[in-house]
Amino acid sequence: MRNFDLVILGGGSAGFAAAMKANEFSAKTVIVNNNVVGMGGTCVNVGCLPTKHLLHVGETIHKMRTHNLSGVRASVSFDFKSIMIEKDNLVKEFITEKYEKVLRDLSNVEYVEGDAKIISKTEVQVQGEIYKANKFIIATGSSTFIPPIEGINKIDYLTNKEALNLKELPDSMIILGGGPLGIEFAQIFSRFGTKVCVLERMDRIVQIEEPELTYLLQRYLENEGIEIITGVEVKKVTQKGREKIVKTILKGKEVTFTGEHLLVATGRRPNTANLGLEKLGIRLGRNGEIIVDEQMQAGDRVWAAGDVTGEPMLETVAAKEGMIAANNALSENKKVMNYRVVPRAVFTDPQLSGVGLTDEQAVKKGIKCMCRTIPMEHVPKARAIKDTRGAIKIVINRENQEVVGLHILAAGAADFIHEGVMIIENRMTIDDVIDTLHIFPTLSESIKIAAQSFRRDITKMSCCVE
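Residues numbered from 1 in each chain as written. Predicted model: local features only at pLDDT ≥ 70, side-chain atom pairs only at ≥ 80, totals over all residues. Heavy atoms only, no water.

**Here's the deal with helix α6 (residues 180-192)**
So, step 1. The end-to-end C-alpha distance of α6 is 19 Å, a good match for the 18 Å that 13 residues give at a rise of 1.5 Å each.
So, step 2. Among the 13 residues of α6, 11 are classified as buried, and the element is accordingly described as predominantly covered.
So, step 3. Along α6, the positions that sit buried rather than exposed are G182, I183, E184, F185, A186, Q187, I188, F189, S190, R191 and F192.
So, step 4. G193 sits one or two positions beyond α6 and adopts a positive phi of about 120 degrees. (Helix = DSSP H or I, 4+ residues; strand = E, 2+ residues; numbered from the N terminus. Expected span 1.5 Å × (residues − 1). Buried < 20%, exposed > 50% of the residue type's maximum accessible area, 1.4 Å probe, protein only.)

Below you can see the structure in the form of structure tokens.
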């Protein structure tokens, strides 16, 4: 048996953030991480980093093929295997630089690889070794939720992990799920040349975002050749040779879809099974998530952070939660996790990003809101770069004019949504936004133009008008 001040289960964003904070307190700490996805967790291995790289590669190929710049001639060819090797090398570089090297500098932290099993309120067993501590942080992340579809366990389906490890470009692919993960993978493979069909059970893709923007995004994706079917119920899946067969009900009729690969992108589920969490006396929610309070505490001497605590399942949120969990486990100066301002993004082209409340959420909270949505064609920079796809929507409190939500569909939206973060964080009014100088011409100027639309007709406005 080996003794520690703190045991952290999970070596992803939340786990490493917790370990770094624990090291600041000189607490003797051990991180226990299994090898399902590896050091660094989902984001760096099979999530954020590799998918954003592949989206960028696909965007480069697409723009060279379809640009609308007069006088420019371009041709493009690519090698799928080389693209995937470059992606793998990028992941290895990040694991080395951002995790292995960081870990070596944490003098009070030890890293252990293996499956953890909690055997008592103070002990965890890993590969036959027992590690003892008075405090635990559970940061075991999440994995793909596999819906209970008839036949799903009898076929060779893909999750994000397997899709990122494909060595050959598929001829065709069916994707179950039209959320952020599903449509990002749809655009990745479609731009490489795969025939892609997305099946979404709801009436539109990316349900958490504003309908005006998601309908626009769906139209853009369909214009690229991606087939998107909404309102479809998947009943059964089978396999014949390499072909996957998906039987559905669509508008009351049986419809069958076929493809070389079936990618399941129907959401994520917290990794709480088979850990022995019952030994710690903590409560789980209906989706298996660990229930925590605002200090990320789950029970007596037990804290949790990251995807394992449920939505929002975002890397930056996980890191913040991990830091707070470790701080509160080891310090009397308690911190509280605040979810009021959490930016999010879908990294398709164009990108879909938002922060704060949608108008529907505002109404549910009892806010008397007012909204304006303007197309990006009113933004001079968008016209200058000849990419006017998208729109921007601002939601304000009618009573005090405070901006409560900002939502963007545009090229680079994930980068300039951070102005919206600061606007909402500082409770700025629509007039505060209008009074703020913006560089001309920029895509972020769209935020000011959208704000001005509450006060004037922006179609009758020259450039840089205050």
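Having seen it, we continue.
**What to know about the packing of aromatic side chains**
Aromatic rings in a pair are described by how distant their centres are and how their planes are angled relative to each other.
So, step 1. Inspection of every chain in the model, using the stated rule, returns 5 aromatic pairs.
So, step 2. On the numbers, 4.8 Å between centres and 85 degrees between planes, the contact of F16 with Y99 is edge-to-face. Remark: Y99 occurs in helix α4 (residues 80-104) and F16 occurs in helix α1 (residues 13-24); sequence separation between them is 83 residues.
So, step 3. For Y99, a relative accessible area of 11% gives the class buried.
So, step 4. Feature note: the residues F78, F80 and F192 constitute an aromatic cluster, connected by ring pairs.
So, step 5. The ring of F4 is capped by K28, whose NZ or CZ atom sits 5.1 Å from the centre of that ring. (Phe/Tyr/Trp six-rings, centres within 6.5 Å; stacked < 30°, edge-to-face > 60°. Lys NZ or Arg CZ within 6 Å of the ring centre and 35° of its normal.)

**Thoughts on the side chain of Q351**
So, step 1. For Q351, the position within the fold is in strand β19 (residues 351-356).
So, step 2. Residue Q351 is classed as buried on the basis of its relative accessible area of 15%.
So, step 3. Reaching out from Q351, the side chain makes a polar contact with the backbone nitrogen of A413 at a distance of 3.2 Å.
So, step 4. With residues near it in sequence (within four places) discarded, Q351 still touches V346, I408, L409, A410, G412, A413, A414 and D415. (Polar contact = N/O pair within 3.5 Å; in protein donor to acceptor, adjacent residues only side chain to side chain. Contact = heavy atoms within 4.5 Å.)

**So, unusual backbone geometry**
So, step 1. The residue after E311, namely P312, is reached through a cis peptide bond having omega 0 degrees.
So, step 2. Its location among the elements puts P312 in the loop between β17 (302-304) and α8 (315-330).
So, step 3. The residue after D349, namely P350, is reached through a cis peptide bond having omega 5 degrees.
So, step 4. Of note, the phi angle at R301 is positive, near 65 degrees, even though the residue is not glycine.
So, step 5. Following the sequence through the fold, R301 ends up in the loop between β16 (297-299) and β17.
So, step 6. Among the residues examined, R301 registers a relative accessible area of 27% and is labelled partly exposed.
So, step 7. Non-glycine residue K386 carries a positive phi angle of around 55 degrees.
So, step 8. In this fold, K386 is placed in the loop between α10 (380-384) and β21 (391-397).
So, step 9. You can call K386 partly exposed: its relative accessible area is 43%.

**Description of the pairing of strand β11 (residues 232-240)**
So, step 1. Of the strand pairs in this sheet, β11 and strand β12 (residues 243-250) are connected by 8 bridges, and their pairing is antiparallel. Counted as the bridge partner of K240 is E243 from β12.
So, step 2. Between the antiparallel neighbours β11 and β12 lie 2 residues, among them G241 with a positive phi of about 65 degrees. (Pairing = 2+ DSSP bridges.)

From the geometry alone we can't say anything about function, so treat these as descriptive.
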